[in-house]
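A structural walkthrough
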Amino acid sequence: MKLDGIHHVTCITGDAPANVRFYAGTLGLRLVKKSVNQDVPTIYHLFYADEEGGAGSDITFFEYPGAERGRAGAGMIHRITWRVASHEALDFWEKRLGSQGFDTTRDDGRLRFEDPEGLALELAVVDTSDEPLRARHPDIPEEFALMGFDGVRAYASDPEESADLFGATLGFSRDSDTSWSSRGERRGSFYVYDHAPGAPGIQGAGTVHHVAWACPMDEHEEWRSRVVAGGMDVTPIIDRYYFKSIYFREPSGVLFEIATLGPGFDVDEPIEHLGESLALPPNYQHLREELEKQLTPLPDPRAEALSR
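What comes next is a walk through the structure. Note that the coordinates shown come from a computational prediction; the quantities given were computed from them, not determined experimentally.

What about helix H4 (residues 220-229)?
Taken together, the buried positions of H4 are occupied by His220, Trp223 and Val227. With its buried residues spanning 55° around the axis, H4 presents them on a single face. Exposed residues pointing more than 90 degrees away from the buried face of H4 are listed as Glu221 and Ala229. Turning to H4, the residues buried within the fold contact helix H3 (163-169), strand S13 (208-215), strand S15 (243-249) and strand S16 (255-263).

Regarding the sheet that holds strand S12 (residues 188-195)
Within the open sheet, the eight strands sit side by side as S6-S7-S8-S5-S9-S12-S11-S10. Their pairing is mixed. Each edge of the open sheet carries a strand with a single partner, namely strand S6 (105-107) and strand S10 (173-176). Sheet twist, expressed as the average angle between the axes of neighbouring strands with direction ignored, equals 25°. Relative to S12, strand S9 (residues 149-156) runs parallel, the two being bridged by six bridges.

Section: the side chain of aspartate 130
In this fold, aspartate 130 is placed in the loop between strand S8 (120-125) and S9. We classify aspartate 130 as buried; its relative accessible area is 7%. At 2.9 Å, the side chain of aspartate 130 forms a polar contact with the side chain of arginine 183. The residues contacting aspartate 130, other than those within four sequence positions of it, are Arg83, Arg183, Arg186, Arg187 and Gly188.

What counts, and where the lines are drawn
- Residues numbered from 1 in each chain as written.
- Predicted model: local features only at pLDDT ≥ 70, side-chain atom pairs only at ≥ 80, totals over all residues.
- Heavy atoms only, no water.
- Buried < 20%, exposed > 50% of the residue type's maximum accessible area, 1.4 Å probe, protein only.
- Helix = DSSP H or I, 4+ residues; strand = E, 2+ residues; numbered from the N terminus.
- Arc of directions from axis to C-beta.
- Contact = heavy atoms within 4.5 Å.
- Pairing = 2+ DSSP bridges.
- Axes fitted to C-alpha atoms, helices over the stretch in contact; angles between N-to-C directions.
- Polar contact = N/O pair within 3.5 Å; in protein donor to acceptor, adjacent residues only side chain to side chain.

In short, shape yes, function no, at least from these values alone.
As structure tokens, this is what we get:
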């Protein structure tokens, strides 16, 4: 069995409306699911992805309103990298981000910047046969759109602590002393360690909560058994309605999830209307009236762009 690279990356925001404006507006991703944190249903869980909500393109956010900014440290992911198709795409993004007040750094086919809450992001020109997972936004030419995740970078004090898990248990390929890659039949992603800064990490707005790796639905139970056999403390399988999940911390401290490639975000909404209204799993439907009163209304940057 092989994991199909990154399924999704989940982060934290303290301001859901501003988060929507950046990820669905500035970056042109599609808000494919406007839901709630299934462990704390009074807060948003927002999902941004390509046009169909495909695994491998999905960055998600828990909103803790007013949360203070966090800081990445040992045992935390500190940078997320998306693929783009060309250096001309980097030209486009350098200009677009700059025009909206975001500082960028460009180096060797990569463009680095931060979201409004300080989360480190990167665009990289990548030559790959993986399907390009693009969203459609009226202000972003298709050939310049983000094409799904390339990988993530984490801080660790001793990366070698995680080597047995990655190699023997998860089946990652070792690319160097501090870098690994996960590639299945559909997609692949990298996972790289950088030396941890001296200051400890602080979970908060602008930090990554966890990274999820993708597996076929019929292999999920076997993956849980493998991770247990690898010595990890693993949760039971949790039904998240749009996919099923298990969670565990890899030895360097980063929270990992293995999530299934399905049922998918169209299980309760047609593809053409993803993310337009509050979506709740069946066991939360009784809370709809209460939650709709509590949750902050969100903008629709795509509709705003189309109306200009």
